[in-house]
Structure formats: structure tokens, C-alpha cells
Amino acid sequence: MTPELKFHSIVISITTLSIFTIWTQLTGIISKHPFLSVIASAFISLGMYRIITVIFLGFFRNISCVKKWILGPYFMEGTWIGFFVGHQNNVRLYCETFEQGLSDLVIRGKAFKDDGTYHGSWVSDTTNINVKLGKLSYTYAADVIGNTAINPGLARFDLERPSREKPPFRMIGYSSDLFNPAKLKSFEEKVSDDTVFESIEAFRKAKDVYGKYKDLI
């Protein structure tokens, strides 16, 4: 079940229960005015659905455990740390933040050279999570210090997770720029559900990740 379907199924269930509860308290009025009750029920149902949707959407956006529950195996929001091997076989350490909604995922990344100096950044254009196959793919626009133009590209990752019903915690894959289409091998793991991470701390953790997994790619 997709997050959108799960969300609206929950909202409809709560709305139905709420309307039923209200209606049981108004049985006398309904029996005396059956026609007016039909009209009233339509307006009450629509209003109740809208109110519950707004309230539950607020819970989804602001309460992490609710978001995890609704997104289930699609949940990827947070900070991911990793490294990739560049075009000249130079290792680049990077940090990505995943900002996730019911039906959208925005990935923002920034990379560093091995001495800690800034290398460049990127942001996703379109993203797709395939929980059945365990894959993440997205297009992006990369802004690297050494380039004179914004470089579009494609990234594809295999997700590692405890099971198909659980969210991923690590992934391995590649990225490929449009103007330099060589596949750049990449590896990263999730370090936090928070999307705010200091650059110095991100660089340090990326070095740790590289030390643990450099032999895998």
C-alpha cells in the first residue's frame, strides 16, 4: 500500500467512525426530518473529512513517529552520509538530506574533497522509490565548483533493509552526469532522522563511512 493510499484510508476510517458517532446522538432529529438529515449528512461528512485530513496531515508533518508509520518501507527522511569515486578516481565525501512528504522526496547533497574543502552540491528533480525491487532512482542538477554550468544527471541505488516491509538504512549504487556519463560508484548509510546536520560533523562521519566500506566499491 502506498503512503497516500494508507493516509487516506486512515482518514476515511476515522471520518466514518466520527460521523457514525454523531449520527447515533441525533437519531431523534433524523427520524423527524429524514430529508433534511440527508442534506445535513453530506455537508457534515465533507466538513469532517476535511477537518480530519488537515489535523492528520499536521501530525504527519510534525510528528516523526507518525510519518514513519504512514510511510512504512518508503520512509527515507533524514541525513545520509557517504562517498563516491569521482571521474579522476578521487574520493569525494558527501552528506545528503532527504526531505519527504506523502508523495514526494527531495534530496539535497553537498560533497567535500578529502581535505575537507567544498567540492559541490546537487538537488533532486524527480525521485522514485520502488519498495518491491528495493531501489531508489532520481534525476538531479549538480553544481560543482570546477564546472562552468549546472550538470544534470541520474542516480540509481540498491537499498539495504531488514525486510521488504522495513525502511532502508544503507544503499549502494552510482550516479552519472549527462555531460560526463561515466558511472561514479557511491555508497551511503543513514545516520539520523533529522534533516539538519553541520558540515564539519557530516565530513567527519563521511570519513568514518569511507573507512568502513571503501573496499566494497
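So, a few notes on the structure that sits alongside this text. Given the structure is predicted, the values throughout are model-derived calculations rather than measurements. Sequence order as written defines the numbering, with residues in each chain counted from 1. Only residues with pLDDT of at least 70 are given local features in this predicted model, and only at 80 or more are side-chain atom pairs given and counted; all residues enter the totals for whole chains, interfaces and linings. For the side-chain quantities, the full set of heavy atoms in the structure was used; hydrogens and water were omitted.

Structural notes on the pattern of salt bridges
At step 1: Salt bridge, as used here: a side-chain nitrogen of Lys or Arg that lies within 4 Å of a carboxyl oxygen of Asp or Glu. Applying the stated criterion across every chain yields a total of 10 salt bridges.
At step 2: In this structure, Lys135 and Asp158 form a salt bridge, with 2.4 Å as the shortest nitrogen-oxygen distance. Taken together, the residues Lys135 in strand β5 (residues 135-144) and Asp158 in strand β6 (residues 151-160) connect sequence positions 23 residues apart.
At step 3: Here's how the labels work: a residue is buried when its accessible area is under 20% of the maximum for its type, exposed when over 50%, partly exposed in between, all with a 1.4 Å probe on protein chains only. A residue is classified by how much of its surface remains accessible, and Asp158, at 36% relative accessible area, is partly exposed.
At step 4: Within this structure, Glu201, Arg204, Lys205 and Asp208 form a network of salt bridges that share partners. Helix numbers and strand numbers start at the N terminus; a helix is a DSSP run of H or I with at least 4 residues, a strand a run of E with at least 2.

Focus: the pairing of strand β2 (residues 91-100)
At step 1: Counting buried positions along β2 yields nine of 10 residues, so the element is predominantly enclosed.
At step 2: Whether two strands pair comes down to DSSP finding at least two bridges between them. Here strand β1 (residues 78-85) runs beside β2; their pairing, made up of eight bridges, is antiparallel. Looking at β2, one finds that Phe83 is bridged to Leu93.
At step 3: The hairpin formed by β1 and β2 contains five residues between the paired strands, and Asn89 there has a positive phi angle of roughly 65°.
At step 4: In terms of strand pairing, β2 meets strand β3 (residues 105-112) through eight bridges, oriented antiparallel. Its bridge partner lying in β3, Cys95 is registered against Lys110.
At step 5: In textbook terms, the turn of a hairpin is the stretch between consecutive antiparallel strands, and for β2 and β3 this stretch comprises four residues.

As for the sheet that holds β5
At step 1: Taken in spatial order, the eight strands of this closed barrel run β1-β2-β3-β4-β5-β6-β7-β8, and their pairing is antiparallel. Strand-to-strand twist of the sheet, defined as the mean angle between neighbouring strand axes without regard to direction, takes the value 30°.
At step 2: The pairing of strand β7 (residues 170-177) with strand β8 (residues 184-192) spans six bridges and is classified as antiparallel. The partner of Gly173 across the bridge, within β8, is Ser186.
At step 3: Lying on the sheet, helix α5 (residues 199-213) is in contact with β1, β2, β3, β7 and β8; it crosses β1 at an angle near 55°. Orientation is described by axes fitted as lines to C-alpha atoms, over the contacting stretch for helices, and by angles from 0 to 180 degrees between their N-to-C directions. Residues count as neighbours in contact if any of their non-hydrogen atoms are within 4.5 Å of one another.

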